[in-house]
Amino acid sequence: MKTNKSFIFGITGCGLLLFLIIFGPYLPGIDENLTTRSYFHSFFNLPPYHPSRDFILGSDRKGRDVLSVLVLGTKTTLLTGAGLSAAVFALAIPLGISSAHFPYIKVILQGWNYLFSRIPLIFFFMFIVTIPFFIFSQHRPIWMFIILVVLETGKIAEVIEKNIQSIHQTTYYEAAMISGTGIKGLFKWYYWPICLPQWLSSLSTHIGNMLFLIGQLGIFNIFLSQKFIQLPGGPGPTFYGVVNTANVWPIYLTNIINDIKVAPWIPIFASCFIIFPMLSFFALGEGIRQLAMQSHESSSLQKKSTARLKKLPSLLGRGSKKGTNL
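Read on for a plain summary of the structure. On a predicted model such as this, the values are computed, not experimentally measured, just so you know.

This part is about the overall build of the chain. For the chain, the count of helices and strands is 11 helices and two strands. Element order for the chain, N to C, with α for helix and β for strand: α-α-α-α-α-α-α-α-α-β-β-α-α. Residue burial in the chain is summarised as follows: out of 326 residues, 37% are buried. Within the chain, contacts between residues at least 6 apart in sequence are counted, and of these 69% link residues at least 24 apart. Of the roughly 19,500 Å² of accessible surface on the chain, a fraction of 67% belongs to carbon and sulfur atoms.

The structure is reproduced here in structure tokens:
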């Protein structure tokens, strides 16, 4: 059996991320308070500070240790991506199964995908969340979460529907329908056991896609956890703005054009922290898919060998009869 390198890399990467979530705040050199420094050592030494002994990955423009910010932001960033994917699949699985059984739901799903697949997801999402109703809403983070889930659910539901349709072409499904098995029984005895590896693989890959999307939105200064505030200023017109309220990795990508010239370590290390879990979840999804294929192949070989063993006595009987005739 070939070594499943994708699965090994994926499970190792996810294990390292879980370690950072649990033990990251307690690692040596991690500043849990994210202390801001207007100067360091001398009054003329202003942030951002280059990577050094004091700041392993450098500091940001507020004088905060970049490594501490990124390590402490692991939990929030990954939970955001995983939470989005979990919500999408929680809606997509029943929708995809229903679409495979009820034609009118299939029509709704097709219209859903036709409407939301004409424009790339990031541009569609940016267009919707910049509508004044969502900008000024007190529940803006909730609305942004719901909008993103709605935009993604149709695409995943269509994939799940295809998985279910492939099961409908099998003989054991026809036998189940003849015996009067309902949707609940089909899900319990056929859909869930057969499709679970595929769904887990798709879920892992989708989490990687969500992390990539979150990073893209960060470049445009769009975050799921934002609120609308009045900016400080003197007399004159009042200015308002939207600020991020959570510690997530893409916060270091909002000023990427200026930072890449003055403090390139800020966007580079933030991008590395985003890319690593993306690759880990992609590899994990591919590894799960390969494991499912290997399991299917081994079960097929086992069935073939069992069939041959059953035929062996009859073949031996034929051979002995021929020997007797000779």
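This next bit is on the packing of helix H7 (residues 140-168) against helix H9 (residues 183-219). At their nearest, the axes of H7 and H9 sit 11 Å apart, and the two run at 150° to each other. With respect to each other, H7 and H9 are oriented roughly antiparallel. Seen along the crossing, H7 lies across H9 with a hand that is right-handed. On the side of H7, the interface is formed by Leu148, Glu152, Ile156, Ile160, Asn163, Ile164, Ile167 and His168, while H9 contributes Tyr190, Tyr191, Ile194, Cys195, Gln198, Trp199, His206, Met210 and Leu213. Taken together, the residues of the contact of H7 with H9 break down into 12 nonpolar, four polar and one charged.

In this structure the tally under the stated criterion is five salt bridges. Between Asp259 and Arg61 there is a salt bridge whose closest N-O contact spans 2.7 Å. Here Asp259, found in helix H10 (residues 256-262), pairs with Arg61, found in the loop between helix H1 (5-23) and helix H2 (66-72); they are 198 residues apart in sequence, far enough to count as distant. Of the residues examined, Asp259 reaches a relative accessible area of 5% and is grouped as buried. Owing to a relative accessible area of 40%, Arg61 belongs among the partly exposed residues under this scheme. Glu286 is the salt-bridge partner of Arg289, the closest N and O atoms lying 2.5 Å from each other.

A surface patch of nonpolar side chains, amounting to about 590 Å² of accessible area, comprises Ile131, Phe133, Ile142, Trp143, Phe145, Ile146 and Val150. Of the residues forming the nonpolar patch, the biggest block, five residues, is contributed by H7. Within the secondary structure, Ile131 is located in the loop between helix H5 (121-129) and helix H6 (132-136). Classification of Ile131 as partly exposed rests on a relative accessible area of 35%.

Turning our attention to the side chain of Ser201. Within the secondary structure, Ser201 sits in helix H9. Classification of Ser201 as buried rests on a relative accessible area of 10%. Here the side chain of Ser201 touches Gly285 through a polar contact of 2.6 Å, landing on its backbone oxygen. In this structure, Ser201 is in contact with Gly285, Glu286, Ile288 and Arg289, ignoring residues within four places of it in sequence.

Formed by 39 residues in total, the largest nonpolar core has its most connected members in Phe125 and Ile164. Those elements that provide at least two residues to this core are helix H3 (74-101), helix H4 (103-116), H5, H7, helix H8 (171-178) and H9. Ranked by the residues each element gives to this core, the list is headed by H7, at 10 residues. Aside from chain neighbours lying at most four places away, what touches Ile164 is Ile97, Ala100, Tyr191, Cys195 and Trp199. Counting 29 residues, the second largest nonpolar core, distinct from the first, contains Ile30, Leu57, Leu211 and Ala270.

This part covers the packing of aromatic side chains. Counting across every chain of the model gives 14 aromatic pairs. On the numbers, 5.2 Å between centres and 80° between planes, the contact of Phe133 with Phe134 is edge-to-face.

To continue, consider the environment of Gly83. Mapped onto the secondary structure, Gly83 falls in helix H3. Owing to a relative accessible area of 28%, Gly83 belongs among the partly exposed residues under this scheme. Remark: the alpha-carbon pair of Gly83 and Val149, spanning 66 residues in sequence, is separated by 9.9 Å.

Given a rise of 1.5 Å per residue, 19 residues ought to cover 27 Å, and the 26 Å separating the end C-alpha atoms of H1 matches this to within 8%. For H1, every residue scored as buried is listed here: Gly10, Gly13, Cys14, Leu17 and Leu20. Buried positions in H1, seen along its axis, are confined to an arc of 110° and lie on one side of it. Exposed and facing more than 90 degrees away from the buried side of H1 are Lys5 and Thr12.

As a further point, take the environment of Leu70. Mapping Leu70 onto the fold places it in helix H2. Judged by its relative accessible area of 0%, Leu70 is buried. Excluding anything up to four places from it in sequence, Leu70 contacts Leu57, Trp249, Tyr252, Phe269, Ala270 and Phe273.

About the criteria used
- Residues numbered from 1 in each chain as written.
- Predicted model: local features only at pLDDT ≥ 70, side-chain atom pairs only at ≥ 80, totals over all residues.
- Heavy atoms only, no water.
- Helix = DSSP H or I, 4+ residues; strand = E, 2+ residues; numbered from the N terminus.
- Buried < 20%, exposed > 50% of the residue type's maximum accessible area, 1.4 Å probe, protein only.
- Contact = heavy atoms within 4.5 Å.
- Areas by Shrake-Rupley, 256 points an atom, 1.4 Å probe, with all protein chains shown as cover.
- Axes fitted to C-alpha atoms, helices over the stretch in contact; angles between N-to-C directions.
- Parallel < 35°, antiparallel > 145°, perpendicular 65-115°, else oblique.
- Left-handed = near helix turned anticlockwise from the far one by under 90°.
- Nonpolar A, V, L, I, M, F, W, Y, C, P; charged D, E, K, R; others polar.
- Salt bridge = Lys/Arg side-chain N within 4 Å of Asp/Glu carboxyl O.
- Patch = residues over 30% accessible without salt bridge, like charges linked within 9 Å, V, L, I, M, F, W, Y side chains within 5 Å.
- Polar contact = N/O pair within 3.5 Å; in protein donor to acceptor, adjacent residues only side chain to side chain.
- Core = buried A, V, L, I, M, F, W, Y, C linked by side-chain atoms within 4.5 Å.
- Phe/Tyr/Trp six-rings, centres within 6.5 Å; stacked < 30°, edge-to-face > 60°.
- Expected span 1.5 Å × (residues − 1).
- Arc of directions from axis to C-beta.

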